[in-house]
Amino acid sequence: MTQSVVVQVGQCGNQVGCRFWDLALREHAHVNKKGIYDEALSSFFRNVDSRKSSGRACDVGGRIQHLKARAVLVDMEEGVVNEILQGPLREVFDSTQLLTDVSGSGNNWAVGHMTYGSAYRDQIVDKLRKTAEQCDCLQCFFLIHSMGGGTGSGLGTRVLSLLEEEFPEVCRIVTSVYPSVEDDVVTSPYNSVLAMRELTEHADCVLPVENQSLVDIMNKIRHMSHCGKAGSMINRDSAIISGQGGLNRAEKPFDAMNNIVANLLLNITSSARFEGSLNMDLNEIAMNLVPFPRLHYLVPSLTPLYTLSDFSIPTRRLDQMFSDAFSKDHQLIQADPKHSLYLACALMVRGHVQVSDLRRNIERLKPSLPFVSWNQEGWKTGLCSVPPVGHSHSLLALANNTCVKPTFMELKKRFTRLYRKKAHLHHYLHVDGMEKSCFTEALASLTSLIEEYHDLDCTKGKLSPDVPRLTITR
Amino acid sequence: MSVVTVQLGQCGNQVGHELFDAVCGDAQDGQRKTYSSVSCERFFRPNTRGDPVARAVLIDMETKVINQSITKAAKSGRWRYGDKSSFSQKQGSGNNWANGYCVHGPRHREVVEDLVRREVEHCDRLAGLVAVMSVAGGTGSGVGTYVTQCLRDVFPKSFILNHLTWPYGTGEVIVQNYNSVLTLAHLYQLSDGILVHENDTVHRICSHLLKIKNISFSDINRVIAHQLGSVLQPALTADSHGLYSRNPLGELVSALACHPEYKLLSVSTIPQMPTSSIAYSTFSWPGLLKHLRQMLISNSKMEEGIDWQVRPPTGSEPTRGLTGSNFNTSLANLLILRGKDVYSAETGGFVDPALYTSWLLPEEAFTLWKSPVPFNRYEKAATLVSNSQALLRPLDDMVRKAWNMFASRAYLHQYAKFGISEEDFLVSFTCLEQVISSYRELS
């Protein structure tokens, strides 16, 4: 069994991360009734016997002593990390896993990336190495950060390139929270575009998540639970915004939204942690979904968003789950994959679902989904037998789809609007190591990324004939 | 004589497990002592407590599936895997043939060869090796190909049969056509015979014939195991002089794979039905064989929906190629009959020269094995292993899709990372185009 390390950077990264650890503990507690430290738990947690002075980790198979998260927490303020340390999750982190400063990055990518990136480089690498050494077979780093601010965006992407330098063999999957159009950070277009270049060049996969989509999904669930008909009440712990059953009692404002992202991470790793009839390992994600190295933005969607307390007509509901995964309002970014072009698509199913259900639904949905000509059968599937808490089954779809283009174009537009007026530019340029070329190169990188998606989009609907084959002469 | 099975990757380890379960159940079922003991010697060895231990080596780059198979076998109480017969690692090959073939394979060469060698040493006489794997993923296909290559080196004179599971046309692994092309092209140089099951076909058998509602992978694997078992279980052959053949792989290969250009073998079995219906059904050999023959010439893998319009071409109207006729021309066929009244079965329909290519006499192209012992609860059952054009279309589809993807250069960077270049791909494409062209020329 392999292990993964979560690296959470900045305020947003740490808040999402915090929800992830809470829900991960809830999920494992639900599955693991015997209190044995098993392979599944070992993928994200160490088991430490605190009575022994060495604090050495115990092997798989023994009783759970003291679980420690395989995580590195980085923030350039103290607020969020301190809150975690005072909260119910404090037990799962050691002070050696944390790195904080007091003054923050002032919503400035350059401060995070250049100033703090250089000042803390060695400390960060040191903490990453320590965490990695505690893994038996490290397979994947999950970086969680936001794009709009300074620390998550700037230092987060700096950490990403450090990961590539230090651990070139280990897969890097980045969860990036993109700012909404009405974002209160004026410089967020700068920060996002500068970060985009780093993501395009150094990540294996990026799972983009937009705040607005999280809000919409949350409202949808809340609306359903308030106006639901009698007998169709939403089960309390089944909605993907719910933290019910976790350690955290008091809900904070962003918790519901962050729970969605935490569930995304739980589902993407479920097949690597639990058994199933069709395993899907983490290194299979990039292999199957990334046909060209730069085009590695995978749009996630989660279904069902909640379960109802009356369960009847299960087949119909199962099929509905598959349909929903492709609908606009279940995507975690503002995008419409059905009306764009698929390069590849993964369906990661959890729970009591058979391969025949999967096949039936792929056959059913295929005609309505445009795929690129050379990948007409671009489906990757995984079946994990352990469902999420409160559900009988669930589906995570990851789409490598040109529908990310509008989000990137919007970002570019907002960047250009600021950049044309040279607004706020001096805040960046006086940071050591930051030059004007950083802006032009980041913009060029984004522009060419958009073009690459655009070129593929142009092939949509065109029937390309088979490429002439090699001929054999006799 | 004994057969050593090497189970590779998730699919190989699941199919392999079902195969041993099927042959064990079949052998222990009946009262036929000779049959049982020959079958047992072929697939199992006794451990110190006398329990049957599968003559198998389990290889995977991750632990979950191997552990499952070992546990399930032990739980059956009828047979088990050897205590030291498995090798697994922690991290899979990530659906990447190159990772399996260029990295994992070479890295673990010695351990794997050692395991196989030790299992072979348990055999009084080795009839050959069967490597069970899929072509779609990374471990089965990539490591499987590498291991087959090692087996060829270590056992240069033994028969090596590869059993391959071909993926669903849609939706298992996106790079499955690349992995398949690389696997098949390499195996074609190494293997004595390549026995193929297509998931799509087996899935249809599960839904149409076995009437299974929610088809799972174990259902699929059980059908594959049933068909494979009916080929590999003891039978009386022309050379075995009234005894059960001692050389199943050798005779299979010499019956079917007589030319190095033609190694692709497909399997079909009749009848197949839900277990609950077997007791209420009666079969006659003429009926079964009439259906099986039509299944062969019309290339349908199950007895439902057979195209009865297809007829062998007559001399006056020559038909050529894929498009002209749906007639499936054979190079060689092996018919295996098991069950009651097997000696009375009339198999003349399979010795018709019209079924075969012109350059082989039908008497040479057709082989018949029989066993009076019913297989797997079927009173009468017939299995046909065919070296024919049956796999031409799926192979051609596979190569076409891979070639289209190759032309766009998609995913090639993932293979280059582990040392498989565009040049390597081209060599494999060339090899398979050659195979396709050869099979096309049969008709």
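Residues numbered from 1 in each chain as written. Chains lettered and ligands numbered in written order. Predicted model: local features only at pLDDT ≥ 70, side-chain atom pairs only at ≥ 80, totals over all residues. Heavy atoms only, no water.

Student: Mind showing me how you'd approach the interface of chain B and chain A here?
Tutor: Interface size is often expressed as the accessible area that is lost when the parts come together. Residue-level contacts link 53 residues of chain B with 52 residues of chain A. Taking both sides of the interface into account, the surface hidden between chain B and chain A amounts to around 4,400 Å²; carbon and sulfur atoms contribute 50%. In terms of surface lost to chain A, no three residues of chain B exceed Lys64, Lys90 and Ile174 of chain B, which account for 16% of the buried area on that side. The tally of links between chain B and chain A comes to 5 salt bridges. (Contact = heavy atoms within 4.5 Å. Buried area = accessible area lost by both parts, 1.4 Å probe. Salt bridge = Lys/Arg side-chain N within 4 Å of Asp/Glu carboxyl O.)

Student: Quick question: what am I supposed to make of the packing of helix 8 (residues 199-209) of chain B against helix 9 (residues 217-232) of chain B here?
Tutor: The relative placement of two packed helices is expressed as an angle between their axes plus a distance between the axes. All names here are of chain B. With their axes 9 Å apart at the nearest point, helix 8 and helix 9 run at an angle of 100° to one another. The angle between helix 8 and helix 9 places the two elements in the roughly perpendicular class. Contacts between helix 8 and helix 9 involve Asn199, Val202, His203, Ile205 and Cys206 on the former and, on the latter, Phe217, Asp219, Ile220, Val223, Ile224 and Gln227. Here the residues of the contact of helix 8 with helix 9 sort into 7 nonpolar, 3 polar and 1 charged. (Axes fitted to C-alpha atoms, helices over the stretch in contact; angles between N-to-C directions. Helix = DSSP H or I, 4+ residues; strand = E, 2+ residues; numbered from the N terminus. Parallel < 35°, antiparallel > 145°, perpendicular 65-115°, else oblique. Nonpolar A, V, L, I, M, F, W, Y, C, P; charged D, E, K, R; others polar.)

Student: Help me understand the confidence of the model for chain B, please; the structure alone is not making it clear to me.
Tutor: In regions of low pLDDT, the predicted coordinates are not meant to be interpreted in detail. Residue and element names in this part refer to chain B. Per-residue pLDDT for chain B has a mean of 92; in total, 97% of the residues score no lower than 70. Ignoring residues within four places in sequence, the model shows residues 319-324, a span with pLDDT below 50, making 8 contacts including any to other chains. Scored by ipTM, the complex comes to 0.90, with pTM at 0.91. (pLDDT = per-residue confidence, 0-100.)

Student: Would you explain the sheet that holds strand 9 (residues 299-303) of chain A in this entry?
Tutor: Strand pairs in the sheet, formed through backbone hydrogen bonds, run parallel or antiparallel to each other. Residues and elements named next belong to chain A. Across the sheet, which stays open at both edges, the 4 strands sit in the order 9-12-10-11 with mixed pairing between neighbours. Each having just a single partner strand, strand 9 and strand 11 (379-384) make up the two edges of the open sheet. Along the sheet, successive strands turn relative to each other by an average axial angle of 15°, direction set aside. Here strand 9 pairs with strand 12 (residues 393-401) via 5 bridges, running antiparallel. Its bridge partner lying in strand 12, Leu302 is registered against Leu396. (Pairing = 2+ DSSP bridges.)

Student: Mind showing me how you'd approach the domain arrangement of chain B here?
Tutor: As far as domains go, chain B holds domain 1 (2-266), domain 2 (268-389) and domain 3 (393-440). Relative to domain 3 of chain B, the C-alpha centre of domain 2 of chain B lies at a distance of 33 Å. (Domains from an automatic or database assignment.)

Student: What is the right way to look at the side chain of His17 of chain B in this model?
Tutor: Here His17 of chain B shows up in helix 1 (residues 9-29). In this structure His17 of chain B touches Gln7, Ser69, Lys72, Ala73, Trp79 and Tyr81 of chain B, once residues within four positions along its chain are discounted.

Student: Looking at this model, I keep getting lost on the sheet that holds strand 11 (residues 366-371) of chain B. Mind explaining?
Tutor: All names here are of chain B. Ordered in space as 5-4-1-6-7-8-9-12-10-11, the 10 strands form an open sheet in which the pairing is mixed. One side of each edge strand has no neighbouring strand; the edge strands of this open sheet are strand 5 (86-88) and strand 11. Averaged over all adjacent pairs, the angle separating strand axes in this sheet is 20°, with direction ignored. Here 9 bridges tie strand 10 (residues 330-339) to strand 12 (residues 380-388), and the two strands are oriented antiparallel to one another.

Student: Would you take a moment to explain helix 1 (residues 10-31) of chain A for this structure?
Tutor: Residues separated by three or four positions in an α-helix point in the same direction, a consequence of the helix having 3.6 residues per turn. The end-to-end C-alpha separation of helix 1 of chain A is 31 Å, in line with the 32 Å expected for 22 residues at 1.5 Å each. The buried fraction of helix 1 of chain A amounts to 17 of the 22 residues, a majority that puts the element mostly inside the structure. (Expected span 1.5 Å × (residues − 1). Buried < 20%, exposed > 50% of the residue type's maximum accessible area, 1.4 Å probe, protein only.)

Student: Honestly, the environment of Ser373 of chain A in this entry has me stumped. Any pointers?
Tutor: Residue and element names in this part refer to chain A. With respect to the helices, strands and loops of the structure, Ser373 is situated in the loop between helix 12 (355-365) and strand 11. Taking the relative accessible area as the measure of exposure, Ser373 reaches 31% and is therefore partly exposed. Residues Ser373 and Leu341, 32 residues apart in the sequence, show an inter-C-alpha distance of 9.8 Å.

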